[in-house]
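# Fold and contact review
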Amino acid sequence: MFDQVLGLPAHPLVVHFAVVLTPMLVAVAVAYALVPRWRAATAWAVTLLSIAAPVAVFAAWQSGQSLKAARFATAGGELGQRISAHEAHAVPLLLSAAGLGSVSLVLVHASRGDRFGKPGTAVLSGLTVVLAAVTAYYVFLAGDSGARAVWEL
């Protein structure tokens, strides 16, 4: 499923969804968490991106595994090191994006009708900002190491 798209390796195509949607989730989730007056206008975006970004990261991770198995299973030397460095960021990025998506969805649900009260919403907002920072860190590392693996040959 994650091998090819129209005869091309899927990873270089799929990864762009993760690289675009994940920073969008980070930005919108932080705005939702920190600016309560924007919540009504951004709830739909937070909800959609909270689902789409982790799915995109998962697809990028799986397609990367397929690409490595198909074309770079025996890569060694500097290329092998670059691929390994890039691959090392996949699971932390997936976990942080899934965590951010989950907490953001709970925050949207909780802030509608103030279900958890102001202290509960404040805790969820703080957790959202922390997870957003972690996710931004890992999406940068994954993207940067992937670009370096490809373009610094």
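Scroll up a little and you will see the structure.
Attention here is on the structure that accompanies the text. Model, not experiment: these values are computed from the prediction.

Let us look at the pattern of salt bridges. All told, the structure shown has five salt bridges when counted by the stated rule. Here Asp144 makes a salt bridge to Arg148, at a shortest N to O gap of 2.9 Å. Here Arg148 and Asp144 lie together in helix 5 (residues 117-151), a separation of four residues that amounts to about one turn. Of the residues examined, Asp144 reaches a relative accessible area of 27% and is grouped as partly exposed. Classification of Arg148 as partly exposed rests on a relative accessible area of 41%. For the salt bridge of Glu152 with Arg148, the shortest nitrogen-to-oxygen distance reads 2.8 Å. What makes Glu152 partly exposed here is its relative accessible area of 38%. A network of salt bridges, in which partner residues are shared, links Glu78, Arg82, Asp144, Arg148 and Glu152.

To continue, consider the environment of Val46. Checked against the element boundaries, Val46 lands in helix 2 (residues 39-71). Setting aside its immediate chain neighbours within four residues, Val46 contacts Leu25, Val28, Ala29, Tyr32, Ser104 and Val108.

Turning our attention to the nonpolar core. Among the nonpolar cores identified, the biggest contains 31 residues, and Leu25, Tyr32, Val57 and Leu100 are the most heavily contacted of them. Of all the secondary-structure elements, those providing two or more residues to this core are helix 1 (10-34), helix 2, helix 4 (90-111) and helix 5. Per-element tally for this core: the top contributor is helix 1, with nine residues. Residues within four places of Tyr32 in sequence aside, it is in contact with Arg39, Thr42, Ala43, Val46, Leu107, Val108 and Ser111.

Definitions and cut-offs
Residues numbered from 1 in each chain as written. Predicted model: local features only at pLDDT ≥ 70, side-chain atom pairs only at ≥ 80, totals over all residues. Heavy atoms only, no water. Salt bridge = Lys/Arg side-chain N within 4 Å of Asp/Glu carboxyl O. Helix = DSSP H or I, 4+ residues; strand = E, 2+ residues; numbered from the N terminus. Buried < 20%, exposed > 50% of the residue type's maximum accessible area, 1.4 Å probe, protein only. Contact = heavy atoms within 4.5 Å. Core = buried A, V, L, I, M, F, W, Y, C linked by side-chain atoms within 4.5 Å.

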